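Here is what each chain is made of, one letter per residue.
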Amino acid sequence: MAIRDRLLAAFTALLWGCNFLAIHATLEHFPPLFACALRFIVIAIPAMLFVPWPKVKLRWLIGYGLGFGTLQFGFLFIGMVEGMPTGLASLVLQASAPFTVVLGAVFLRERLTGWQVVGITCAVAGMCAIGWQRAEYAALLPVILTVLAALSWAVGNLCLRKAEPANPLHLTLWMSVVPPLPMLAVSLVFEGPGAQWRSLTTLGSDTGVLALAGLAYTVTCGTVIGAGIWSTLMRRNPASTVAPFSLLVPIVGLTLAFVVLDERPTPIEIAASVVVVGGVFLGSVGGRARAARREARAADPAAVP
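These numbers come from a predicted model, not from an experiment. (Residues numbered from 1 in each chain as written. Predicted model: local features only at pLDDT ≥ 70, side-chain atom pairs only at ≥ 80, totals over all residues. Heavy atoms only, no water.)

For helix H8 (residues 168-175), a buried count of six out of eight residues is recorded, marking the element as mostly surrounded by other parts of the structure. Taken together, the buried positions of H8 are Pro168, Leu171, Thr172, Leu173, Trp174 and Met175. Where H8 is buried, its residues touch helix H2 (32-50), helix H3 (58-81), helix H7 (140-163) and helix H11 (206-236). Where H8 begins, one side-chain oxygen reaches toward the backbone nitrogen of Leu169, 3.1 Å away; that side chain belongs to Asn167. (Buried < 20%, exposed > 50% of the residue type's maximum accessible area, 1.4 Å probe, protein only. Helix = DSSP H or I, 4+ residues; strand = E, 2+ residues; numbered from the N terminus. Contact = heavy atoms within 4.5 Å. Polar contact = N/O pair within 3.5 Å; in protein donor to acceptor, adjacent residues only side chain to side chain.)

Right, dumping it as structure tokens:
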């Protein structure tokens with residue numbers, strides 16, 4: 001994995017870490033399923049009008065939209081409304097990284113190096129230590145919903161890899177066409193048109209203004225910029241190399257939750273966060289070394305063992 005790609009992956013993690021504060025602000029005003037539908041409607045309409053078709057098989061676009069879009073954010077938004085703390089949500093969602101690695105190895109036959117296994121193991125251990133410390137603040141249902149969101153993200157990652165789009169950003173934008181209709185339908189059934197209408201007619205309130213700002217951030221930075229960069233990295237690198245960078249997201253999320261929402265990390269959480277960062281670094285270096293050996297072997301098969 002090139003240094004440029006590693007920097008882009010870290011930048012995406014920063015954007016997605018900030019995204020949890022934006023989601024928190026949005027969910028303070030909008031019902032969760034309706035908020036998820038609005039998030040993608042804002043992108044889907046201009047995408048259909050102005051963005052060229054990504055030229056991928058329809059099943060992979062639908063799979064990506066259902067996994068990365070519909071199910072991930074549906075489960076995540078409901079989990080946060082049901083009591084999942086913002087910082088803890090940013091942590092548990094990163095279970096998508098080991099999920100992606102496992103699914104990539106099973107379905108895409110991507111081989112792991114020893115360093116990648118060690119790195120991911122360290123990162124997951126650090127994440128589990130943070131989760132253990134924070135679990136006392138969350139009921140079981142919100143945690144389960146967030147884990148399901150992480151699994152959905154991993155499924156979306158694999159559909160993205162299989163799609164192999166010529167322009168990943170076009171696929172990311174067109175993916176937003178999938179979630180609105182199912183999310184609106186589910187919202188009508190479980191949240192009701194009254195809740196939807198009240199959230200729209202009270203946008204002038206303080207919570208409404210903050211919700212709009214949060215929605216704007218999740219659309220532009222979280223989806224268009226963040227997912228666009230991520231899809232590009234997933235296309236030109238093995239899923240097992242890119243996915244561990246998502247483990248940097250909870251470091252940003254926990255820090256911002258501490259500063260803005262007064263969610264205070266313990267010393268164990270801080271130490272475990274350092275372990276997570278170290279694990280991501282080891283996983284990245286391991287993948288880069290394997291790629292370098294592969295390229296050298298292609299150039300001179302007798303020179304590299």
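Bringing the side chain of Asn157 into the picture now. Of note, Asn157 is situated in helix H7. On the basis of relative accessible area, Asn157 is assigned to the buried category, the value being 2%.

A separate point is a nonpolar patch on the surface. Taken together, Leu140, Ile144, Leu148, Leu151 and Val155 make up a surface patch of nonpolar side chains, about 400 Å² in accessible area. Here Leu140 is to be found in helix H7. Looking at Leu140, the relative accessible area reads 63%, which means it is exposed. (Patch = residues over 30% accessible without salt bridge, like charges linked within 9 Å, V, L, I, M, F, W, Y side chains within 5 Å. Areas by Shrake-Rupley, 256 points an atom, 1.4 Å probe, with all protein chains shown as cover. Salt bridge = Lys/Arg side-chain N within 4 Å of Asp/Glu carboxyl O.)

Evaluation of the coordinates by the stated rule reveals 11 aromatic pairs. An aromatic cluster is built from Trp16, Phe40, Tyr64, Phe68, Phe73, Phe77, Trp153 and Trp230, whose rings are joined through pairwise contacts. Geometry around Phe73 places Arg39 over its ring, the cationic atom sitting 3.9 Å from the centre. (Phe/Tyr/Trp six-rings, centres within 6.5 Å; stacked < 30°, edge-to-face > 60°. Lys NZ or Arg CZ within 6 Å of the ring centre and 35° of its normal.)

Take the environment of Val249 next. Assignment of secondary structure puts Val249 in helix H13 (residues 249-261). With 81 residues separating them in the primary sequence, Val249 and Pro168 have C-alpha atoms 21 Å apart. Apart from residues no more than four positions distant in its own chain, Val249 is found in contact with Ala13, Trp16, Gly17, Phe20, Ser90 and Gln94.

A few words on the confidence of the model for the protein. Here the protein averages 83 in pLDDT, and 90% of its residues register 70 or above. Confidence, read as mean pLDDT per element, is least for helix H14 (residues 267-299) in the protein (62) and greatest for helix H9 (residues 180-190) (95). (pLDDT = per-residue confidence, 0-100.)

Mapped onto the elements of the fold, Gly131 is located in helix H6 (residues 114-134). Note on Gly131: relative accessible area 19%, which makes it buried. Considering only alpha carbons, one finds Gly131 and Ala10, 121 residues apart in sequence, at a separation of 22 Å. Contact partners of Gly131, with chain neighbours within four places excluded, come to Leu88 and Leu91.

Here the phi dihedral of Lys55 falls at roughly 60 degrees; this positive angle occurs in a residue that is not glycine. Tracing the chain through its elements places Lys55 in the loop between H2 and H3. Classification of Lys55 by relative accessible area gives exposed; the value is 72%. Look at Glu164: it is not a glycine, yet its phi comes out positive at around 50 degrees. Within the secondary structure layout, Glu164 lies in the loop between H7 and H8. Owing to a relative accessible area of 61%, Glu164 belongs among the exposed residues under this scheme.

Here the focus is the packing of H3 against H8. As a packed pair, H3 and H8 sit with axes 9 Å apart at the nearest point and diverge in direction by 65 degrees. What the angle tells us is that H3 and H8 run roughly perpendicular. When you trace H3 past H8, the crossing you get is right-handed. On H8, the residues touching Leu61, Tyr64, Gly65, Phe68 and Gly69 of H3 are Leu171, Thr172, Trp174 and Met175. The residue makeup of the contact of H3 with H8, split by class, is six nonpolar, three polar and no charged. (Axes fitted to C-alpha atoms, helices over the stretch in contact; angles between N-to-C directions. Parallel < 35°, antiparallel > 145°, perpendicular 65-115°, else oblique. Left-handed = near helix turned anticlockwise from the far one by under 90°. Nonpolar A, V, L, I, M, F, W, Y, C, P; charged D, E, K, R; others polar.)

Right, let's talk about the nonpolar core for a bit. Phe68, Leu76 and Phe77 are the most contacted members of the largest nonpolar core, which totals 67 residues. No other element matches H2, which puts nine residues into this core. Discounting chain neighbours no more than four positions away, the residues touching Phe77 are Ile23, Leu27, Pro32, Ala35, Cys36 and Arg39. (Core = buried A, V, L, I, M, F, W, Y, C linked by side-chain atoms within 4.5 Å.)

Below, the discussion takes up empty space enclosed by the protein. In the structure shown here, the tally under the stated rule is one cavity of 30 Å³ or more. There is about 110 Å³ of room inside the largest cavity. What lines the largest cavity is a set of 14 residues, and nearest its centre among them are Trp16, Asn19, Gln72, Phe73 and Leu93. Broken down by secondary-structure element, the contributors of at least two residues to the lining of the largest cavity are helix H1 (3-27) and H3. (1 Å grid on protein atoms, 1.4 Å probe; cavity = no way out; pocket = protein on both sides within 12 Å on 5 of 7 lines; lining within 4 Å. Points joined across faces, edges and corners; volume = space filled by probe spheres on them.)

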